[in-house]
Amino acid sequence: MKASRNPATTQLPKLPMPCHTTRNQVVANMQDRIVKTITLKAPITRVWNAITDSNQFGTWFKVKFSGPFQLGRPLQGKITYPGYEHMEMQ
């Protein structure tokens, strides 16, 4: 029988984190983003089309956009997810 580990006393491995010193205090550099990596079982062209074509993107994320994606231009859309059809996004 394997002994179970107590999560309250288990030490997590120390990960390297960029830091800087301010007034003798070490401060971690924080970033305003979360990064998640996933693997899709689809050809790269299919994925590229799905994220660059507003119609395909809208199908995946349940949004009907007012037009195509254009660099530097805002885009509006209506949410098509059941129960949220009254909501709009920009």
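Here is what the cut-offs are and how they apply
Residues numbered from 1 in each chain as written. Predicted model: local features only at pLDDT ≥ 70, side-chain atom pairs only at ≥ 80, totals over all residues. Heavy atoms only, no water. pLDDT = per-residue confidence, 0-100. Helix = DSSP H or I, 4+ residues; strand = E, 2+ residues; numbered from the N terminus. Buried < 20%, exposed > 50% of the residue type's maximum accessible area, 1.4 Å probe, protein only. Pairing = 2+ DSSP bridges. Polar contact = N/O pair within 3.5 Å; in protein donor to acceptor, adjacent residues only side chain to side chain.

**Student:** Just give me the short version of the confidence of the model for the chain, but keep the residues and values in it.
**Tutor:** Looking at the chain, the pLDDT average stands at 79 and 66% of residues meet or exceed 70. Of all helices and strands in the chain, the one with the weakest mean pLDDT is strand E1 (residues 19–22) (54), whereas strand E3 (residues 63–65) scores best (95).

**Student:** Describe unusual backbone geometry, and please don't skip the residues or the numbers.
**Tutor:** At Lys 62, a position not held by glycine, the phi torsion is positive, near 60°. According to the relative accessible area criterion, Lys 62 is partly exposed, its value standing at 38%.

**Student:** Describe the sheet that holds strand E4 (residues 77–79), and please don't skip the residues or the numbers.
**Tutor:** On the basis of which strands lie adjacent, the open sheet formed by three strands has the order E3-E4-E5 and antiparallel pairing. Because the sheet does not close on itself, it has two edges, and the strands there are E3 and strand E5 (88–89). Pairing analysis gives two bridges linking E4 to E5, with the strands arranged antiparallel. By the bridge assignment for E5, Gly 77 is matched with Met 89.

**Student:** An account of helix H2 (residues 54–61) is needed here, citing residue identities and associated values.
**Tutor:** An α-helical turn contains 3.6 residues, so any two residues separated by three or four positions project in the same direction. At the N-terminal boundary of H2, the capping side chain belongs to Asp 53, with an oxygen 3.1 Å from the backbone nitrogen of Asn 55. Lys 62 occupies a position one or two residues after H2 and carries a positive phi of about 60°.

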